[in-house]
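Below, each chain spelled out in residue letters.
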Amino acid sequence: MAVLFIAVSTVSVKTILSGLKPLIIIIVLTGLLNMFYTSGTVLVEFWIIKITREGIINAAYMVSRIIMLITATFMLTYTTSPLSLTDGLERLLSFLKRFKVPIHELSMMMSIALRFIPTLIEETGKIMNAQNARGADFDTGGLVKKAKAMIPLLVPLFISAFKRADELAVAMESRCYHGGEGRTRMRVLRMRAADWVVIALSIMLCVASWLLRGVTL
Amino acid sequence: MSVPILKTEGLTHVYSQGTPFETTAVENVDFQAERGEYLAVIGHTGSGKSTFIQHLNGLIRPTSGRVLFDGEDISKSKEKLRNIRFKVGMVFQYPEYQLFEETVYKDIAYGPGNMKLSKSEIDERVREAAAFTGLSEDLFEKSPFELSGGQKRRVAIAGIMAMRPEVLILDEPTAGLDPVGREDILANIRKYHDSMGSTIIMVSHSMEEVAKNAQRLVVMSGGHIVMDGSPAQVFEHGRELTEMGLDIPIAAQIAMKLRDMGLSVDKSVFTVKQLADSLVRMGRKDCD
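Quantities reported herein were computed from a predicted structural model and do not represent experimental measurements.

Colleague: In this structure, what is going on with the overall build of chain B? I would like to understand it.
Modeller: Helix and strand counts for chain B stand at 11 helices and 10 strands. Over its C-alpha atoms chain B spans a radius of gyration of 21 Å, differing by no more than 12% from the 19 Å that the globule rule assigns to 288 residues. Seen through its C-alpha atoms, chain B measures out along the principal axes to roughly 70 × 50 × 40 Å. Of all 288 residues assigned to chain B, the portion counted as buried reaches 51%.

Colleague: Before we go on, may I ask you to explain the overall build of chain A in this structure?
Modeller: Check the secondary structure of chain A and you find 9 helices and 2 strands. Along its sequence from the N terminus, chain A presents helices and strands in the succession α-α-α-β-β-α-α-α-α-α-α. Taken over 217 residues, chain A has a buried fraction of 21%. A separation of at least 24 residues holds for 57% of the contacts in chain A among residues at least 6 apart in sequence. On chain A, roughly 16,100 Å² of surface is accessible, and the fraction owed to carbon and sulfur atoms is 71%.

Colleague: When you look at the interface of chain A and chain B in this model, what are you seeing that I'm missing?
Modeller: Interface extent is often summarised as the accessible area lost during association of the parts. Each side of the interface is counted separately: chain A has 17 residues, and chain B has 21 residues. Here chain A packs against chain B, burying approximately 1,600 Å² in sum over the two surfaces, 56% of which is carbon and sulfur. A per-residue breakdown of the area chain A buries against chain B is headed by Asn129(A), Ala133(A) and Arg134(A), which together make up 41% of the total. For the pair chain A and chain B, the number of links is 8 residue pairs in polar contact (both at pLDDT 80 or more). Looking at the side of chain A that touches chain B, the elements that each hand over two or more residues are α6 (103-133) and α8 (151-174) of chain A. Per-class residue counts for the side of chain A that touches chain B are 9 nonpolar, 4 polar and 4 charged.

Colleague: Just to check I follow, could you spell out the packing of aromatic side chains for this structure?
Modeller: Each aromatic ring pair is characterised by the separation of its centres together with the angle its planes make. For the structure shown, the criterion picks out 7 aromatic pairs over all chains. Taken together, a centroid distance of 6.4 Å and an interplanar angle of 45° make the contact between Tyr94(B) and Tyr97(B) tilted. Looking at Tyr97(B), the relative accessible area reads 37%, which means it is partly exposed. A ring pair is formed by Tyr105(B) and Phe140(B), whose centres lie 5.4 Å apart and whose planes are at 65°; its orientation type is edge-to-face. Of this pair, Tyr105(B) sits in helix α3 (residues 104-114) while Phe140(B) sits in the loop between α4 (119-132) and α5 (149-161); the two residues are 35 residues apart in sequence, bridging distant segments of the chain. One residue, Arg115(A), lies across the ring of Phe116(A), its end atom 4.5 Å from the ring centre.

Colleague: Would you mind going over empty space enclosed by the protein with me for this structure?
Modeller: Unoccupied space between atoms shows up once a probe the size of one water molecule is rolled over them. Applying the stated criterion across every chain yields a total of 1 cavity of 30 Å³ or more. Its volume calculated, the largest cavity comes out at about 50 Å³. Here the residues of the lining of the largest cavity are counted per class, giving 5 nonpolar, 3 polar and 3 charged.

Colleague: What exactly am I supposed to notice about the sheet that holds strand β4 (residues 64-69) of chain B here?
Modeller: The strands that make up a sheet are held in pairs by hydrogen bonds between backbone atoms, and each pair lies either parallel or antiparallel. Read from one edge to the other, the open sheet built from 4 strands follows the order β2-β1-β4-β5 (chain B), with strand pairing classed as antiparallel. Among the strands making up the open sheet, the edge pair consists of β2 (23-33) and β5 (72-73) of chain B.

Colleague: Would you explain the environment of Asn57(B) in this entry?
Modeller: Summarising the element assignment, Asn57(B) is placed in the loop between α1 (49-56) and β4. Distance in space between the C-alpha atoms of Asn57(B) and Val167(B) is 9.4 Å, their sequence separation being 110 residues. Ignoring any residue separated from it by four or fewer positions in sequence, one finds Asn57(B) in contact with Ala133(A), Ile74(B), Ile84(B), Arg85(B), Val88(B) and Met90(B).

Colleague: Explain the side chain of Gln54(B) here, please?
Modeller: Topologically, Gln54(B) is positioned in helix α1. Sequence-distant contacts of Gln54(B), defined by excluding residues within four places in its chain, comprise Asn129(A), Leu59(B), Ile60(B), Met90(B) and Phe92(B).

Colleague: Help me understand the packing of α3(B) against α4(B), please; the structure alone is not making it clear to me.
Modeller: Each packed pair of helices is defined by two parameters, the angle between the axes and the distance between the axes. All names here are of chain B. Two elements in contact, α3 and α4, have axes whose closest approach is 9 Å; the angle formed by their N-to-C orientations is 120°. Judged on the interaxial angle alone, α4 and α3 are oblique. Here the hand of the crossing between α3 and α4 comes out right-handed. On α4, the residues that touch Tyr105, Ile108, Ala109, Pro112 and Gly113 of α3 are Ile122, Asp123, Val126, Arg127 and Ala129. Tallied by class, the residues present in the contact of α3 with α4 amount to 7 nonpolar, 1 polar and 2 charged.

Colleague: Got a minute to help me understand the confidence of the model for chain A in this structure?
Modeller: It should be kept in mind that the predicted coordinates are not to be read in detail where pLDDT is low. Looking at chain A, pLDDT values average 77 and 82% of them are 70 or higher. The secondary structure element of chain A with the lowest average pLDDT is helix α1 (residues 2-8) of chain A, at 55, and the one with the highest is α8(A), at 90.

Colleague: I would appreciate a short explanation of the sheet that holds strand β10 (residues 224-229) of chain B in the present structure.
Modeller: All names here are of chain B. Taken in spatial order, the 6 strands make up an open sheet running β6-β7-β8-β3-β9-β10, and their pairing is mixed. Both outer strands of the open sheet, β6 (88-91) and β10, are each paired with one neighbouring strand and no more. Strand after strand, the sheet turns through a mean of 15° between neighbouring axes, direction not considered. Two elements, strand β9 (residues 216-221) and β10, share 5 bridges in a ladder whose sense is antiparallel. Its bridge partner lying in β10, methionine 220 is registered against isoleucine 225. Of the strands in this sheet, β3 (38-42), β6, β7 (167-171), β8 (199-203) and β9 are in contact with α1, which crosses β7 at around 155°. Running over the sheet, α5 touches β6 and β7 and is turned about 170° from β6.

Colleague: Whenever I open this one, the side chain of Gln98(B) confuses me. Can you help?
Modeller: Tracing the backbone shows Gln98(B) in the loop between β6 and α3. The exposure class of Gln98(B) is buried, given its relative accessible area of 2%. Among all residues touching Gln98(B), those that are not within four sequence positions of it are Ala130(A), Gln131(A), Arg134(A), Pro156(A), Ala156(B) and Ile160(B).

Colleague: Sorry if this is basic, but what is going on with the confidence of the model for chain B here?
Modeller: Averaged over chain B, the pLDDT score is 87; the fraction of residues at 70 or greater is 99%. Across the interface, the model reports ipTM at 0.81; the global pTM reads 0.74.

Parameters at a glance
- Residues numbered from 1 in each chain as written.
- Chains lettered and ligands numbered in written order.
- Predicted model: local features only at pLDDT ≥ 70, side-chain atom pairs only at ≥ 80, totals over all residues.
- Heavy atoms only, no water.
- Helix = DSSP H or I, 4+ residues; strand = E, 2+ residues; numbered from the N terminus.
- Rg over C-alpha atoms; globule rule 2.2 N^0.38 Å.
- Buried < 20%, exposed > 50% of the residue type's maximum accessible area, 1.4 Å probe, protein only.
- Contact = heavy atoms within 4.5 Å.
- Areas by Shrake-Rupley, 256 points an atom, 1.4 Å probe, with all protein chains shown as cover.
- Buried area = accessible area lost by both parts, 1.4 Å probe.
- Polar contact = N/O pair within 3.5 Å; in protein donor to acceptor, adjacent residues only side chain to side chain.
- Nonpolar A, V, L, I, M, F, W, Y, C, P; charged D, E, K, R; others polar.
- Phe/Tyr/Trp six-rings, centres within 6.5 Å; stacked < 30°, edge-to-face > 60°.
- Lys NZ or Arg CZ within 6 Å of the ring centre and 35° of its normal.
- 1 Å grid on protein atoms, 1.4 Å probe; cavity = no way out; pocket = protein on both sides within 12 Å on 5 of 7 lines; lining within 4 Å.
- Points joined across faces, edges and corners; volume = space filled by probe spheres on them.
- Pairing = 2+ DSSP bridges.
- Axes fitted to C-alpha atoms, helices over the stretch in contact; angles between N-to-C directions.
- Parallel < 35°, antiparallel > 145°, perpendicular 65-115°, else oblique.
- Left-handed = near helix turned anticlockwise from the far one by under 90°.
- pLDDT = per-residue confidence, 0-100.

The following block contains the structure:
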């Protein structure tokens, strides 16, 4: 399934592999631990190391699970922009509107939050440089000293974030923004054949794995 | 000749080296600043000037090349680098965003406090810096966030001046201020320069400002220093500057136009007064 997704998408295998790279230690460790610490029929015994049949199977399961989990999230973030992601989420959860849950507002908040992450990172860098130029020291000292050293960074960061939020609110209001009621969209999401196919395949996969849950090799 | 206070040798900086986004911001820059000089770095957006000046106090490490302060490599050790930051003060663009303390006094004292000076020494420096920037002492106990934009900027600049840097670098210190505020800040900087004998390096977009204040101009374009000389020398190349997307002072523009029309206006004219004098002289000659 995951292989199929990758083949269909335009994301190259190389980017995904490079995404897996930082997690290699975790993957290898999980594999090894599962291999050595599962009891069962012994295949190879050497000094204190025992490799069992069940261990190998377990390890393979765990490793493929982790890899699958990561590729699935990768596929999502690489193929779908945060904007269409929140749009989709809004559509999916729109049934909650009947229960007076402000879905539009929530998804708007989410897209604004996502939009401002890079801005905040940039801002942090700038302030850090400015305080470094005044002799701030962010890296040395104990925990308390380090926490204290963060004050000159956090205070300006919060102030500018609040200011930005204020400005954004004014800008939105001056363009007559007033929530979701009767609002049309610039991008309209429509279900296409491909979407139905993916959904059908996913459901099939779920059902299949549920039916196979008891089967072991 | 004495050792220049700041010097760069073959300074090169490449961003995101080894990725498809690799860009060379500064390339092979040899530069030096003498003690007590007031110089200005000009160049349009993306000319590498911001990257360049951030090397001068070690905020960015060069990809290759060296930065020398008083003849010594500044990135020798971490301890040395921190000391350099006190000696080479850097005022960033819109420095008021770095204010964080509860009171103006404490904020100005933050830099000197990091230098581990005695209380009385810090107090003396804070008062001195406030005097340079024209902040009255009744503002000391106020929160910096209650002040006006221009006053905030002065507090931020005072915060750097209080470290008594031997070299004061300012990145567009007048951006976003009204004309009176600009003039005030420039006068503050001049005062600091004159009474401390420090080197001033100012980055600016405004040629009028630069023409009036700096003794030497360094023009950057495409990561290189393309011109370096006195304002008169640099503004002689008015046409090249315009081609680089830079403004030239209005007087120099008029002089250039007049020369195009066949009048023999002096090439080194760049202030209104010089232009007027030059025109009067020409008029006299015609009368004779």
